[in-house]
Amino acid sequence: MEPELSVREVLTTEYVGVSESDPVLGTVRLMREERAGCVLVVRGSEPVGIMTEWDVLGLVAEENDPAETTVGEVMTSPVISINAGWSLADAATTMSRQNIRNLVVENDDEIVGVLTQRDVITAAGSFQGTTSGTADGSLESERPLEQSRSSPPGDELETELLPNGGDEFSTQGVCEACGSLADSLWDANGRLVCSDCRSV
């Protein structure tokens, strides 16, 4: 059995921190320089929000001036924090349930980094098995995706991603085509994909 990855092993430790009073325009320029999809908004050492590319798109859609708008006006708040010791599967499930792409990672109330959806996707290969055909032409999954065996308090997760009849898999995971978290995965040409990519 492969060892389960923890958040500590894959998180992004070099995150970009900004203030609520910083202008969005300057922050977007910083994001481009650092090639970051999000910035952590801190008040002292306390995380109070996250501004993502999606928040910036909302500002543009509303035709507001990014030079006159502060990060505090567009950030997503409050942040959702997890412990560095969480399993990667638990973190991915939290992202999926909360419909978010970034989690603040803390250890003893100290920020140690940010777990991004990209981090999860990059690490997903170590959870993904291969799907191969059998002699009768049917598909067989050798070890698709292992889920957490020690869930956060109050959560009960399935322990493995198992075939749910045909080529649909019953538990959420990362689509191998587009990289998004999906509630159901389908086998398409030997890759686990979401329903959108399956129809392409």
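Residues numbered from 1 in each chain as written. Predicted model: local features only at pLDDT ≥ 70, side-chain atom pairs only at ≥ 80, totals over all residues. Heavy atoms only, no water.

Below, the discussion takes up the sheet that holds strand β1 (residues 17-18). Across the sheet, three strands lie side by side as β1-β2-β3; this open sheet has mixed pairing. Each of the sheet's edge strands pairs with one partner strand only, and the pair in question is β1 and β3 (46-52). One ladder, built from six bridges, connects strand β2 (residues 38-43) with β3; its direction is antiparallel. Residue pairing across strands places V41 opposite G49, the latter belonging to β3. Where helix α2 (residues 24-34) meets the sheet, its contacts fall on β1, β2 and β3, and the angle it forms with β3 comes to roughly 80°. (Pairing = 2+ DSSP bridges. Helix = DSSP H or I, 4+ residues; strand = E, 2+ residues; numbered from the N terminus. Contact = heavy atoms within 4.5 Å. Axes fitted to C-alpha atoms, helices over the stretch in contact; angles between N-to-C directions.)

Alignment of β1 against β2, held across two bridges, turns out to be parallel. Directly across from G17, in β2, lies its bridge partner L40. Assessed by its sense of winding, the connection that carries the chain from β1 through α2 to β2 is right-handed. Where β2 hands over to β3, the hairpin turn is made up of two residues, of which G44 adopts a positive phi near 70°. (Right-handed = clockwise from strand over helix to strand, strands pointing away.)

Before going further, it helps to spend a moment on the side chain of T116. Examined against the element boundaries, T116 turns out to sit in strand β6 (residues 110-116). Exposure remark for T116: the relative accessible area of 16% places this residue in the buried category. Look past the residues within four positions of T116 in its chain and what remains in contact with it is T12, M95, R101 and N102. (Buried < 20%, exposed > 50% of the residue type's maximum accessible area, 1.4 Å probe, protein only.)

This paragraph deals with the sheet that holds strand β5 (residues 102-107). Taken together, three strands build an open sheet; the order of strands is β4-β5-β6 and the sheet is mixed. Unpaired on one side and paired on the other, β4 (81-83) and β6 mark the two borders of the sheet. The mean angle between the axes of side-by-side strands here comes to 40°, regardless of whether they run parallel or antiparallel. Where β5 and β6 come together, six bridges link them in antiparallel fashion. From the neighbouring strand, E106 faces β6, where its bridge partner is I111.

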